[in-house]
Amino acid sequence: MVRSNEEVAMGRRLLVVVFACVAFAAGAAAGLGIHGCRTPPAPLPATTPLDGGRQEPAGEAATVSRPVLVVSAKPSSVPQGGLLSVIVEGAPEGAPVTVELFGRAVAAFSSGETARVFVPVAVTQAPGVFEVDAHCGECVVVPAFVEVTRREFPSSHIAVTQETAELTRNQARIAADQAKVRSARATTSPRPYGEGSFSLPLEAEVTTPFGHTRYVNGVESGRHWGIDFGAAAGRPVKAANAGKVVLAETLLLSGNTVIVDHGLNVFTTYMHLADISVKPGDVIEKGTTVGHVGSTGFSTGPHLHWSATCGGESFDPSALLELDW
Ligand SMILES: [Zn+2]
């Protein structure tokens, strides 16, 4: 995309306005005031009247409290293909909270007065600054703002044998496998498994990063929705964090495959394993060996394909390593 100097300057001015707005919202949140970026700042109490300015007779209860939701999102600057962690504080216990971002609303997982949800950023999401809003009935909201930055996704080329290429022709089996995977990820724990951070499943060289446009035998075959680590066959592959095994079986293209639910709709997947060391329903600790590096399924040699999804959407699993879990 070519941008004129004027457009760039206008973009900068917009950013200044937005960040002034963020600074104000943060200040308002700190004082438990009510935001707004669209209304002039004014000191407000922690609760607001619902009476619309109506005069109340002296001596009667004059106001009804409205809960104040304070939204925070991390990281404040996220690349295309990344993952956002959104936390909403202040909802009444038991009240359903939804988070709205990129024009979509997603239900958050509540625990006491805190609600959490993870939102993947599509690789095709236009860069810019976006408001993270939240709703819970009559709540008043202090939104957060996040910046989505452009990321380059180069092309990568692989060559496979005719026999391997033939695998992709079995559309009926591929559709059945995809249905199994969707079903495995259809439910998640409303509480996170484990308390610590995520780690790499294997320390090895990255041979194909996330998001590359893949060419197989010279023909474009879509995005690479995970990270490939090249490693000797037989090396243990470890669960990136605690979780529950929701799929552990041989699929046509991904070979021996393990999917782990970490809770809050975050799943990690381990593909092309030589063997599988866990079974569906196992609740495992971080670092548990789920299998060993292999080359099963649609594969050119021993490697681990590690992927991550949230709400059925793939994101760069390396984003998990930075996450406050
Ligand atoms: Zn791969």
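Residues numbered from 1 in each chain as written. Predicted model: local features only at pLDDT ≥ 70, side-chain atom pairs only at ≥ 80, totals over all residues. Heavy atoms only, no water.

> Help me get a handle on the overall build of the chain, residues and values and all.
Within the chain one finds three helices and 24 strands. The proportion of buried residues among the 325 residues of the chain is 42%. Carbon and sulfur atoms make up 55% of the accessible area of the chain, which totals about 16300 Å². (Helix = DSSP H or I, 4+ residues; strand = E, 2+ residues; numbered from the N terminus. Buried < 20%, exposed > 50% of the residue type's maximum accessible area, 1.4 Å probe, protein only. Areas by Shrake-Rupley, 256 points an atom, 1.4 Å probe, with all protein chains shown as cover.)

> Talk me through the packing of aromatic side chains; I want residue IDs and the actual numbers.
Under the definition given, this model contains six aromatic pairs. Look at F102 and F130: their rings are 5.1 Å apart centre to centre, the planes differ by 75°, and that puts the pair in the edge-to-face class. Pair noted here: F102 is in the loop between strand 4 (98–101) and strand 5 (104–107) and F130 is in strand 8 (residues 128–135), with a separation of 28 residues, a long-range link. Seen from their ring centres, F153 and F210 are 6.5 Å apart, and the 70° between their planes marks the pair as edge-to-face. Of this pair, F153 sits in the loop between strand 10 (144–149) and strand 11 (155–158) while F210 is found in the loop between strand 12 (205–208) and strand 13 (213–216), placing the two residues 57 residues apart along the sequence. Among the residues examined, F210 registers a relative accessible area of 1% and is labelled buried. Among the aromatic residues, ring-to-ring pairing joins F118, F198 and W325 into one connected group. One Lys or Arg, R116, reaches over the ring of W325 and ends 5.9 Å from the middle of that ring. Directly above the aromatic system of F153 lies the positively charged group of R223, at a separation of 5.1 Å from the ring centroid. (Phe/Tyr/Trp six-rings, centres within 6.5 Å; stacked < 30°, edge-to-face > 60°. Lys NZ or Arg CZ within 6 Å of the ring centre and 35° of its normal.)

> How would you summarise the sheet that holds strand 3 (residues 83–89) if you had to cite specific residues and measurements?
Across the sheet, five strands lie side by side as 6-7-3-1-9; this open sheet has mixed pairing. The open sheet has two edge strands with one neighbour each: strand 6 (109–111) and strand 9 (140–142). Strand-to-strand, the axes of this sheet are offset by a mean angle of 25°, without reference to chain direction. Across seven bridges, the pairing between strand 3 and strand 7 (residues 114–120) is antiparallel. Across the sheet, residue L84 finds its bridge partner in strand 7, namely V119. (Pairing = 2+ DSSP bridges. Axes fitted to C-alpha atoms, helices over the stretch in contact; angles between N-to-C directions.)

> Could you give me a rundown of the coordination of the zinc ion, with the residues and numbers involved?
Taken together, the protein donors to the zinc ion comprise H224 (NE2), D228 (OD), D228 (OD) and H305 (ND1), at separations of 2.0 to 2.7 Å. Coordination at the zinc ion is irregular: its four donor atoms span angles of 53 to 153° at the metal. (Donors = N, O, S within 2.8 Å, 3.2 Å for Na, K, Ca; no water. Tetrahedral: all angles 85-135°; square planar, octahedral: opposite > 155°, others 65-115°.)

> Pulling in residues and values, what's your account of the nonpolar core?
A general tendency of soluble globular proteins is for nonpolar side chains to be buried together. Formed by 35 residues in total, the largest nonpolar core has its most connected members in V258, Y270 and L320. Elements represented by at least two residues in this core include exactly strand 15 (227–230), strand 17 (243–251), strand 18 (255–261), strand 19 (266–273) and strand 23 (303–310). It is strand 23 that provides the largest number of residues to this core, a total of four residues. Here this core gathers at least three residues from each of two domains, domain 1 (5–48 + 65–149) and domain 2 (155–322). Apart from the residues lying within four places of it in its own chain, the contact partners of L320 are L83, F198, V266, T268, W306, A308 and F315. (Core = buried A, V, L, I, M, F, W, Y, C linked by side-chain atoms within 4.5 Å. Domains from an automatic or database assignment. Contact = heavy atoms within 4.5 Å.)

> Describe in detail the environment of E152, supporting the description with residues and values.
Examined against the element boundaries, E152 turns out to sit in the loop between strand 10 and strand 11. Sequence spacing of E152 and G211 is 59 residues, and the spatial spacing of their C-alpha atoms is 8.9 Å.

> Describe helix 3 (residues 171–184), naming the residues involved and giving the relevant values.
Helix length check: helix 3, at 14 residues, gives a terminal C-alpha distance of 20 Å against a target of 20 Å (1.5 Å per residue), a fit within 8%. All of the buried residues along helix 3 are I174, D177, V181 and A184. Buried residues of helix 3 fall within an arc of 85° about the axis and therefore sit on the same side. Facing away from the buried surface of helix 3 by more than 90 degrees, the exposed residues are Q171, A172, R182 and S183. Turning to helix 3, the residues buried within the fold contact strand 17, strand 18 and strand 19. (Expected span 1.5 Å × (residues − 1). Arc of directions from axis to C-beta.)

> Any details on the pattern of salt bridges? Residues and values, ideally.
Applying the stated criterion across every chain, the model contains eight salt bridges. A salt bridge links D316 to R151; its shortest N-O distance comes to 2.8 Å. Here the residue D316 occupies a position in the segment after strand 24 (313–315), and R151 occupies one in the loop between strand 10 and strand 11, the gap between them amounting to 165 residues. The salt bridge partner of D282 is K279, with a shortest N-O separation of 3.1 Å. Residue classification places K279 among the exposed positions, given a relative accessible area of 52%. (Salt bridge = Lys/Arg side-chain N within 4 Å of Asp/Glu carboxyl O.)

> Explain the sheet that holds strand 20 (residues 275–276) residue by residue, including any values.
The strand order across the open sheet built from three strands is 16-22-20, with neighbouring strands paired in antiparallel fashion. Edge positions in the sheet fall to strand 16 (236–238) and strand 20, since each has one partner strand and no second. Sheet topology places strand 20 next to strand 22 (residues 289–292); two bridges connect them, and they run antiparallel. Bridge assignment links I276 to a residue of strand 22, and that residue is G291.

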